[in-house]
Amino acid sequence: MIRELKTFVAVARYGTFAAAGLRVGLTQSAVSAQMRVLEQSLGVRLFDRSGRSAVLSAGGRHALPLAEQMLGLYAQMALPTALEEWRGELKIGAIASVQTGLLPEALVRFRARASQVELKLVPGVSLDLLGQVDAGELDLALLIRPPFELPKELMQVDLAREPFVLIAPPGMEGDDPLQLLREQPFVRYDRRSFGGRQVERFLREQRLAPREALELDELEAIVRMVECGLGVSLIPRAGLWCQRPQTLRVVELGELTFHRELVAILRRAQRQPALDWLLQCLARPLPGESDL
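The sections below set out a description of the structure shown in this document. Please read these numbers as outputs of a predicted model, since none were measured by experiment.

**A look at the environment of Leu-150**
Consideration 1: Looking at the secondary structure, you find Leu-150 in the loop between β5 (140–144) and β6 (154–168).
Consideration 2: Discounting residues that sit within four places of it in the chain, Leu-150 has contacts with Leu-130, Met-155, Gln-156 and Ile-265.

**Remarks on the packing of helix α2 (residues 17–24) against helix α3 (residues 28–42)**
Consideration 1: One can describe the packing of α2 onto α3 by two numbers: an axis separation of 8 Å at closest approach and a directional angle of 100 degrees. Classified by the angle their axes make, α2 and α3 are roughly perpendicular. Each of Phe-17, Ala-18 and Gly-21 in α2 lies in contact with α3, whose residues at this interface are Gln-28, Val-31, Ser-32 and Met-35.
Consideration 2: Of the residues in the contact of α2 with α3, the class split is four nonpolar, three polar and no charged.

**Overview of α2**
Consideration 1: Every buried residue of α2 is accounted for by Phe-17, Ala-20 and Gly-21. The arc that holds the buried residues of α2, viewed along the axis, is 105 degrees, so those residues lie on one side. What points out from α2, more than 90 degrees from its buried face, is the exposed set Leu-22 and Arg-23.
Consideration 2: Looking one or two residues beyond α2, the residue adopting positive phi is Gly-25, at roughly 80 degrees.

**Considering the pattern of salt bridges**
Consideration 1: Scanning the entire structure with this criterion turns up 18 salt bridges.
Consideration 2: Here Asp-175 makes a salt bridge to Arg-249, at a shortest N to O gap of 2.7 Å. With Asp-175 in the loop between β6 and α8 (177–183) and Arg-249 in strand β10 (residues 249–251), this pair connects stretches of sequence that are 74 residues apart.
Consideration 3: Classification of Asp-175 by relative accessible area gives exposed; the value is 61%.
Consideration 4: Connected via shared salt-bridge partners are Arg-188, Arg-191, Glu-200, Arg-204, Glu-212 and Glu-215.

**Topic: the nonpolar core**
Consideration 1: Formed by 67 residues in total, the largest nonpolar core has its most connected members in Phe-110, Leu-140, Leu-142, Leu-166, Leu-181, Leu-234 and Leu-282.
Consideration 2: Two domains share this core, each providing at least three of its residues, namely domain 2 (83–160 + 261–283) and domain 3 (162–259).
Consideration 3: With sequence-adjacent residues up to four places away left out, Leu-140 is seen in contact with Lys-91, Ile-92, Gly-93, Val-133, Ala-264, Ile-265, Leu-266, Leu-275, Leu-278, Leu-279 and Leu-282.
Consideration 4: Grouped together as the second largest cluster of nonpolar side chains are 18 residues, Val-9, Val-11, Phe-17 and Val-31 included.

**Describing the pairing of strand β11 (residues 259–267)**
Consideration 1: Of all nine residues in β11, seven are buried, a share of seventy percent or more.
Consideration 2: Note: β5 against β11, four bridges, orientation antiparallel. In the strand pairing of β11, Leu-143 is matched with Val-263.
Consideration 3: Bridge count between β6 and β11: nine bridges; the pairing is antiparallel. Each residue of the ladder has a partner; that of Pro-163, found in β11, is His-259.

**Quick look at the packing of aromatic side chains**
Consideration 1: Using the criterion set out here, one finds six aromatic pairs in the structure.
Consideration 2: With 4.3 Å between their ring centres and 15 degrees between their planes, Phe-164 and Phe-258 make a pair best called stacked. Here Phe-164 is found in strand β6, whereas its partner Phe-258 is found in the loop between β10 and β11, with 94 residues between them in sequence. Here Phe-164 and Phe-258 have matching classes, each one buried.
Consideration 3: Pairwise contacts between aromatic rings join Phe-164, Tyr-189, Phe-202 and Phe-258 into one cluster.

**Some remarks on unusual backbone geometry**
Consideration 1: Located in the positive-phi region is Arg-207, a residue other than glycine, with phi close to 55 degrees.
Consideration 2: Inspection of the secondary structure assignment puts Arg-207 in the loop between α9 (194–205) and β8 (211–216).

Conventions we followed
Positions within a chain are numbered from 1, following the residues in the order the chain's sequence is written. In keeping with the predicted nature of the model, local features appear solely for residues at pLDDT of at least 70, side-chain atom pairs appear and are counted solely at 80 or more, and the whole-chain, interface and lining totals rest on all residues. Side-chain metrics in this entry use all non-hydrogen atoms of the structure; hydrogen atoms and water are not considered. Counting from the N terminus, the helices are DSSP H or I runs at least four residues long and the strands are E runs at least two residues long. Here a residue-residue contact requires only that any non-hydrogen atoms of the pair lie within 4.5 Å. Axis definition: a line fitted to C-alpha atoms, over the contacting stretch in the case of helices. Angles run 0 to 180 degrees between N-to-C directions. What sets the label is the angle itself: under 35 degrees gives roughly parallel, over 145 gives roughly antiparallel, 65 to 115 gives roughly perpendicular, and the rest give oblique. Basically, the charged four are Asp, Glu, Lys and Arg, the nonpolar ten are Ala, Val, Leu, Ile, Met, Phe, Trp, Tyr, Cys and Pro, and anything else, Gly included, counts as polar. Between buried and exposed lies partly exposed: a residue is buried under 20% and exposed over 50% of the maximum accessible area for its type, with that area taken using a 1.4 Å probe on protein chains only. The arc in question is traced by the directions running from the helix axis to the C-beta atoms. By convention in these notes, a salt bridge is any Lys or Arg side-chain nitrogen within 4 Å of a carboxyl oxygen on Asp or Glu. Residues belong to one nonpolar core when they are buried, are Ala, Val, Leu, Ile, Met, Phe, Trp, Tyr or Cys, and are joined through side-chain atoms within 4.5 Å. For each domain, the first and last residues come from an automatic or database assignment. Pairs of strands are assigned from DSSP output, requiring at least two bridges between the strands. Each aromatic pair joins two rings of Phe, Tyr and Trp (for Trp, the six-membered one) with centres within 6.5 Å, and gets the label stacked for planes under 30 degrees apart, edge-to-face for over 60, and tilted for any other angle.

By themselves, these figures tell us nothing about what the structure is for.
If you want it as structure tokens, here you go:
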């Protein structure tokens, strides 16, 4: 029955019997036969077959997370209990500022105990990485906390909070962040990103409509534009620019400070020793280290 459960999850994930068959190495008719066997065994209709797509029925929606949990438990039966014996692969998605911030030192800690694990790092923006975890293409995604409720199949682990600050070119005068936002050109953190949505909410709350010069998603690119005098910006205190000699002005927001929260997202059914250890490494510094 494990084989049928794997096929069921693939059909639910990829939307048709044909697409699922390509993923699991079966013909469309073989997938259909397996789903009939599974439905007969459970006594539940799993799909509404009114069109080409395999749409989950109410019974199918109830069964899917349970099937994923059962497959996860089955997979764990073959896993070594000691991290030193683990020889699998972990696919980790991470936004750019996590790749240069939290992740490198965490991977040093991870390698100290799980040196045989093969790590694959996938870059991306928060929304895309979240979708890849949901589709089962990533084991873990490190991103900005989504501004909406996650599907029940996913779980979220809090990692860090990063305050937003106003950055300005070195020679620009003024210490009032709101006045600078009113008077200076604005290099905007992309509104389509989770962090950019926070900036947009802050501007609305302060009733500000700054004069926009550019709109970018990469923090390092925003910093460079500000360094060159193209305007001011609101970004989290995160990324490589925090580690190099100061080439711009940083104006704190004081009581108006808001934060970007970094989280790890994974599927509930995919817990495994190596993944749990990586989460520990991300959340806890080494003895004598400051918080990341």
